[in-house]
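A look at the structure
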Amino acid sequence: MIEMVIFDMDGLLIDSEQMYQRGWLKVAKNHGISLTEADMRGWSGQSASQTMAKLAAHFGSAAIVEEMKEERELFIADELANGALKLKPYAKETLAKVKEKGLYCGLATSTLKKRGQMYLDYFELAPFFDVVTFGDDVKELKPDPEIYLATAAKVKASPQHTIAAEDSLTGAKAAMEAGMKVVLVPDQSLPANHRDPAEISLTPFLQGESLKVLLDFLNTL
């Protein structure tokens with residue numbers, strides 16, 4: 001019995017991961033700081049706190065990181081304005097199918113509300129969701145399960161009867177520890193070791209290269 005499906009956002013619904021990397025490359029260049037794609041691959045799949053620590057170590061200080069993050073937000077806004085950011089294949093079709101099947105639909109993203117809401121508005125995704133939890137709505141981010149448990153609790157859905165769709169092992173671990181059925185659709189921009197569920201001792205409920213694997217399952221309900 002399935003009561004609810006909860007989605008991650010970046011890398012699962014929205015093809016944003018490579019855009020984020022382009023943003024870091026641009027702002028690093030503006031600051032005269034050496035940064036390569038290989039450097040960023042070492043940050044992939046990390047928790048927010050781990051990534052921030054690595055950024056601070058690479059760029060010199062947390063203060064510089066905060067300044068560069070503000071500049072990267074301007075880059076992201078420009079990418080949206082230029083139509084460079086796209087949805088992942090089957091994103092809207094899968095969200096629509098969840099609603100068609102009468103299941104609760106939730107969003108659990110570590111992205112902060114300001115940017116997350118901008119994405120929801122830009123892609124017209126908000127109407128699909130019964131509940132939304134952003135990164136600044138919780139104390140602990142993924143891989144902590146808090147964000148998944150909080151999202152399910154908003155509609156009183158049982159975790160064991162909830163599907164959580166994720167693109168990263170960090171998010172998948174959070175969903176697994178919340179006791180949910182994990183659908184893993186690895187973002188192909190991630191290194192191979194960050195796409196293998198065995199790395200976190202996870203046997204996914206479903207796994208595939210796109211959200212079609214979840215869409216096909218929902219069609220059987």
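Remember, it's a predicted structure, so these values are computed and weren't measured experimentally. (Residues numbered from 1 in each chain as written. Predicted model: local features only at pLDDT ≥ 70, side-chain atom pairs only at ≥ 80, totals over all residues. Heavy atoms only, no water.)

1. Description of the nonpolar core
Core analysis: the largest hydrophobic core is formed by 35 residues, its most contacted members being Phe-7, Leu-13, Tyr-119, Phe-129 and Leu-214. Within the residue set of this core, elements represented by two or more residues are strand E1 (4–7), helix H1 (17–30), helix H4 (62–81), helix H5 (91–100), strand E2 (104–108), helix H6 (113–122), strand E4 (162–166) and helix H9 (212–218). Apart from the residues within four sequence positions on either side, Tyr-119 is in contact with Met-9, Asp-10, Ile-14, Met-19, Tyr-20, Ile-76, Leu-80 and Leu-85. Within the second largest apolar cluster, 21 residues are counted, among which are Met-4, Ala-152, Ala-164 and Ala-172. (Core = buried A, V, L, I, M, F, W, Y, C linked by side-chain atoms within 4.5 Å. Buried < 20%, exposed > 50% of the residue type's maximum accessible area, 1.4 Å probe, protein only. Helix = DSSP H or I, 4+ residues; strand = E, 2+ residues; numbered from the N terminus. Contact = heavy atoms within 4.5 Å.)

2. Notes on the packing of H4 against H6
Direction vectors running N to C along H4 and H6 enclose 0 degrees, while the axes themselves pass 12 Å from each other. By the angle between their axes, H4 is roughly parallel relative to H6. Of the residues in H6, those touching H4 at Arg-72, Glu-73, Ile-76 and Leu-80 are Arg-115, Met-118, Tyr-119 and Tyr-122. Here the contact of H4 with H6 is built from residues that sort into 5 nonpolar, no polar and 3 charged. (Axes fitted to C-alpha atoms, helices over the stretch in contact; angles between N-to-C directions. Parallel < 35°, antiparallel > 145°, perpendicular 65-115°, else oblique. Nonpolar A, V, L, I, M, F, W, Y, C, P; charged D, E, K, R; others polar.)

3. Quick word on the pairing of strand E5 (residues 181–184)
Pairing geometry for E4 and E5, over 4 bridges, is parallel. Paired with Ala-164 across the bridge in E5 is Val-182. Traced from E4 through helix H8 (residues 169–177) to E5, the parallel crossover comes out right-handed. When E5 meets strand E6 (residues 206–207), the two strands line up parallel, connected through 2 bridges. (Pairing = 2+ DSSP bridges. Right-handed = clockwise from strand over helix to strand, strands pointing away.)

4. Re the side chain of Lys-97
Within the secondary structure, Lys-97 is located in helix H5. Taking relative accessible area as the criterion, Lys-97 reaches 14% and is therefore assigned buried. Reaching out from Lys-97, the side chain makes a polar contact with the side chain of Glu-100 at a distance of 3.2 Å. Here Lys-97 is in contact with Leu-215, Leu-218 and Asn-219, once residues within four sequence places are set aside. (Polar contact = N/O pair within 3.5 Å; in protein donor to acceptor, adjacent residues only side chain to side chain.)

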